[in-house]
Amino acid sequence: MAARRSSRLSSLLLHTALPSRPAWQRTLSARGFATAINNKLDNVYDMVIVGGGIAGTALACSLATNPSMKDYRIALIEAMDLSNTNNWAPATGRYSNRVVSLTPASMQFFQKIGVADELYRDRIQPYNCMKVSDGVTNASIEFDTNLLSTSTNPDDLPIAYMIENVHLQHSILKTLQTSQGKGATVDIMQKARVASIRMQERDMKESEDTLDLSDWPIIEMEDGKALQARLLVGADGVNSPVRSFAKIESLGWDYNMHGVVATFKTDPSRKNDTAYQRFLPTGPIAMLPVRLGDGHASMVWSMPPDMAQKVKKIPAQAFCTLVNSAFRLSMEDLDYLRSKIDPTTFEPLCDFDSEYNWRQGVAKHGLGDMELMERELAFPPIVESVDETSRASFPLRMRNSQQYFADRVVLVGDAAHTVHPLAGQGLNQGILDVACLSDILQRGASEGMDIGNLHLLREYASVRYLRNLLMISACDKLHRLYTTDFAPITWIRSLGLSSVNQLDFVKAEIMKYAMGIEQ
């Protein structure tokens, strides 16, 4: 125990800024300094990360695996129990409804910090093609990585990798535990809730010899423990207590929409290696391949809250038919089926399968074999069944913090920004926040800088703020453009979609930006 305290003391002596008076005016007593540190040693950290989701654990992992920060003390605080994530193991034919479309840029970050080595490769589904269509006009656009030159994409990277959130976080925690075994000091405090965050007034009676930590935030826990941090990181979600403590305003609005998610078993006769998205007036629906070999797919469907309530609770077979209809039927036909859901019992008021099959027969009437094949390939594989435990929904919001940092405080992920899920960029933006902040802090540490220094944090914000704002703005405008069936707007967007589909170089640039590999 003494050896451990000595190691911690050495670390803090090495990294802690001395009192603010000029060096030639100071007569710092090493004994007084050491005594001040030892009095509060167990509760003083170089960094406290509030939020143990993917962004928070990834940041802790990135710092713990870097030699330049091996002596830094890091605390990771998570209100939930992480034991299920720690003990997670893949189960054949069972997939979580919470999945992420991980871009190549995000995957490269996880390769860099060693997390990729812990991933189960047979639980990762890359895809190279994405088909997007307008549900009102049927205009469409197709993105394929074959459009990228070998110089732009020398590693033949896919558009994205589908992976379950729990799988990704499990691998992050395993990598973090390995780093702890190699000497990294990261204290993971799970089932630990933050009661308040405050600053400490300096005791004017304190000797000038002692260490002044009055500008270090104090994180008070519900169990009575209080931690003090050189740098406080908010990775604690859209309602971030860290952001509130720093008095940083979050700007944006709620969409009054919910995203309904589910995991499906699809037609095994169809190759399941393409992502599909259809923009409907009520909100976009996307189908993404989860696992190629056994034909599983994940869905997210944006819709008003009252509609989400019905869709979540209708019987399983009717739900599957409704999802197939959302990709294949006209808006009038889809509206008809939705109107035939009892608002009280949520039971179908007609035979969904019969109605769907009849309407499909009408749409296919007179088409030749080749036309039928082309038509079918424009849609995702037929949904055959749904994992009943996977149906859920979440509210959709758009937020961006007024700034990403304050004195000794920095925000990442949803604490800094949230985005509409239609482009699958929300978590990726958070991961890129973490990658950027981690690089800047590691460089600052290697140069002997105070990692809570405003200049370092300002550099992080200058890199990430504009890029996140551009992505948030683009997704918001797409949402507004496509959630209308006003004729002049539908005509303009249809013309634009069809025109861009003919311009391979434009599609290539859009893909590079979305993949995070633009030059």
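The structure this text deals with has already been given above.
It should be emphasised that the depicted structure is a prediction, and the values quoted were computed from it without experimental measurement.

Chemist: Got a minute to help me understand the packing of helix H3 (residues 54–64) against helix H6 (residues 165–181) in this structure?
Modeler: Packed helix pairs are characterised by how far apart their axes lie and by the angle those axes make with each other. The geometry of H3 relative to H6 is characterised by a closest axis approach of 9 Å and an angle of 30° between their N-to-C directions. Considering their axes alone, H3 and H6 lie roughly parallel with respect to each other. Helix-helix and strand crossings are classified by hand; for H3 and H6 the assignment is left-handed. Only Asn165, Leu168, Gln169, Ile172, Leu173, Thr175, Leu176 and Ser179 of H6 make contact with H3, whose side of the interface consists of Ile54, Thr57, Ala58, Ala60, Cys61 and Ala64. Split into classes, the residues belonging to the contact of H3 with H6 amount to nine nonpolar, five polar and no charged.

Chemist: I tried to follow helix H9 (residues 316–328) on my own but got confused; where do I start?
Modeler: Each turn of an α-helix holds 3.6 residues, which means side chains three or four residues apart point in the same direction. The end-to-end C-alpha separation of H9 is 19 Å, in line with the 18 Å expected for 13 residues at 1.5 Å each. In terms of burial, H9 is largely enclosed, as 11 of its 13 residues are buried. Buried within H9 we find Ala318, Phe319, Cys320, Thr321, Leu322, Val323, Asn324, Ser325, Ala326, Phe327 and Arg328.

Chemist: Before we go on, may I ask you to explain helix H5 (residues 104–112) in this structure?
Modeler: Within the span of H5, buried status applies to Pro104, Ala105, Ser106, Met107, Phe109 and Phe110. Its buried side turned inward, H5 meets H3, strand S3 (99–102), strand S7 (160–164), H6, helix H13 (426–446) and helix H16 (504–515).

Chemist: What am I meant to see in the side chain of His296 here?
Modeler: Relative to the helices and strands, His296 resides in strand S15 (residues 296–303). Separated by 3.4 Å, the side chain of His296 and the backbone oxygen of Gly93 make a polar contact.

Chemist: Explain unusual backbone geometry here, please?
Modeler: Residues other than glycine predominantly adopt negative phi, and peptide bonds predominantly adopt the trans conformation. Although it is not a glycine, Asp156 adopts a positive phi angle of roughly 55°. Residue position: Asp156 is located in the loop between strand S6 (140–144) and S7. Here Asp156 falls in the exposed class, since its relative accessible area comes to 57%. The backbone of Phe346 sits at a positive phi, close to 65°, despite the residue not being glycine. Topologically, Phe346 is positioned in the loop between helix H10 (331–339) and helix H11 (352–364).

About the criteria used
- Residues numbered from 1 in each chain as written.
- Predicted model: local features only at pLDDT ≥ 70, side-chain atom pairs only at ≥ 80, totals over all residues.
- Heavy atoms only, no water.
- Axes fitted to C-alpha atoms, helices over the stretch in contact; angles between N-to-C directions.
- Helix = DSSP H or I, 4+ residues; strand = E, 2+ residues; numbered from the N terminus.
- Parallel < 35°, antiparallel > 145°, perpendicular 65-115°, else oblique.
- Left-handed = near helix turned anticlockwise from the far one by under 90°.
- Contact = heavy atoms within 4.5 Å.
- Nonpolar A, V, L, I, M, F, W, Y, C, P; charged D, E, K, R; others polar.
- Expected span 1.5 Å × (residues − 1).
- Buried < 20%, exposed > 50% of the residue type's maximum accessible area, 1.4 Å probe, protein only.
- Polar contact = N/O pair within 3.5 Å; in protein donor to acceptor, adjacent residues only side chain to side chain.

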